[in-house]
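# Geometric and topological summary
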Amino acid sequence: AEAFVILGTAEVWAQALAEDAGQVVAARMRAAAEMSAREDQHETAAALLAMAVENEPVSETLAAIVTKECVECEHEASLQQRRALEAVADLLQNGRALEQPWPRTLRALVIAGGSDKAGRGVTAALKQPAEFASGTPFDEDSTPMARKGSAILHAAFLGDEH
């Protein structure tokens, strides 16, 4: 688990950024984020996705959505918080946010974004139910193995509409 925490720090990626283009490193960060999320290291995955956004910015449309939602809920996001909310938008935009292992990483990104309301707003603006930015019931109490293998929990998370 400690190796995953280290993987989510900027210092680990400094050499790669010195040698390769930001887009190339961002792709590696996203791959490392997926590996981290699959190992139930969602905070590390969230940090990696936010760093990926820093190195390969989201579209102007997604950035505008984040700005609008932060203004509407009066959230003065720091640069790091903004990157996390942009990563929320990016993850939702590419359609993978609801597939395992991403739901808990999405929640970790919302927490890193500093505002549940802004996270729900970004989610709703991308035409996803705002609840997707909220945690699932009993997440903190269930074991990683139980969450990974529970079709019932996954179905409950998606709700009746899906």
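Predicted model, so just to flag it, every value in this text is computed and none were measured. (Residues numbered from 1 in each chain as written. Predicted model: local features only at pLDDT ≥ 70, side-chain atom pairs only at ≥ 80, totals over all residues. Heavy atoms only, no water.)

## Comments concerning the state of the cysteines
- The final tally for this structure, using the stated rule, is zero disulfides.
- For cysteine 70, which is in no disulfide, the shortest distance to another cysteine sulfur is to cysteine 73 and amounts to 5.8 Å.
- We classify cysteine 73 as buried; its relative accessible area is 17%. (Disulfide = S-S within 2.5 Å. Buried < 20%, exposed > 50% of the residue type's maximum accessible area, 1.4 Å probe, protein only.)

## Observations concerning the environment of alanine 124
- As for its position among the elements, alanine 124 is in helix α8 (residues 116-125).
- Taking the C-alpha atoms as reference, alanine 124 lies 9.8 Å from glutamate 69; in sequence the two are 55 residues apart. (Helix = DSSP H or I, 4+ residues; strand = E, 2+ residues; numbered from the N terminus.)

## Focus: the pattern of salt bridges
- Throughout the structure, instances matching the rule amount to ten salt bridges.
- With its nearest N and O atoms 2.8 Å apart, the salt bridge here joins aspartate 20 to arginine 28.
- In this structure, the salt-bridge partner of aspartate 40 is arginine 104, at a minimum N-O distance of 3.8 Å. On the criterion of sequence distance, the pair formed by aspartate 40 in the loop between α3 (22-38) and α4 (42-55) and arginine 104 in helix α7 (residues 102-113) is long-range, its members being 64 residues apart.
- According to the relative accessible area criterion, aspartate 40 is buried, its value standing at 17%.
- Members of the salt-bridge network, linked through shared partners, are Arg30, Glu56 and Asp90. (Salt bridge = Lys/Arg side-chain N within 4 Å of Asp/Glu carboxyl O.)

## Quick notes on the nonpolar core
- The biggest cluster of nonpolar side chains holds 41 residues, and the ones touching the most others in it are Trp13 and Leu109.
- When residues of this core are traced back to their parent elements, those giving at least two are α2 (10-19), α3, α4, α5 (60-72), α6 (79-93), α7 and α8. (Core = buried A, V, L, I, M, F, W, Y, C linked by side-chain atoms within 4.5 Å.)

## Some words on α6
- The end-to-end C-alpha distance of α6 is 21 Å, a good match for the 21 Å that 15 residues give at a rise of 1.5 Å each.
- Inspection of α6 places Arg83, Ala84, Leu85, Glu86, Ala87, Val88, Ala89, Leu91 and Leu92 among the buried residues, and these make up the whole buried set.
- On the buried face of α6, the contacting elements are α4, α5, α7 and α8.
- Downstream of α6 by one or two residues, glycine 95 has phi in the positive range, about 80 degrees. (Expected span 1.5 Å × (residues − 1). Contact = heavy atoms within 4.5 Å.)

## A closer look at α7
- For α7, built from twelve residues, the straight-helix expectation of 16 Å at 1.5 Å per residue is met to within 8% by its first-to-last C-alpha distance of 16 Å.
- Counting buried residues along α7, nine of its twelve residues qualify, which places the element largely inside the surrounding structure.
- Glycine 114 sits one or two residues past α7 and shows a positive phi near 85 degrees.

## A word on unusual backbone geometry
- Here the amide bond leading from glutamine 100 into proline 101 is cis, since omega sits at 15 degrees, within 30 degrees of zero.
- Looking at the element boundaries, proline 101 is found in the loop between α6 and α7.
- One non-glycine residue, aspartate 40, lies in positive phi territory at about 65 degrees.
- Of note in the backbone geometry, glutamate 74 takes a positive phi value of approximately 55 degrees without being a glycine.

## A few points about the packing of α6 against α8
- Where α6 contacts α8, the axes come no closer than 10 Å and their chain directions differ by 30 degrees. Considered as vectors, α6 and α8 are oriented roughly parallel to each other. Judged by the sense of rotation from one axis to the other, the crossing of α6 with α8 is right-handed. Counted together, Leu85, Val88, Ala89 and Leu92 of α6 and Ala118, Gly119, Val122 and Thr123 of α8 form the full contact between these two elements.
- Of the residues belonging to the contact of α6 with α8, the class tally is six nonpolar, two polar and no charged. (Axes fitted to C-alpha atoms, helices over the stretch in contact; angles between N-to-C directions. Parallel < 35°, antiparallel > 145°, perpendicular 65-115°, else oblique. Left-handed = near helix turned anticlockwise from the far one by under 90°. Nonpolar A, V, L, I, M, F, W, Y, C, P; charged D, E, K, R; others polar.)

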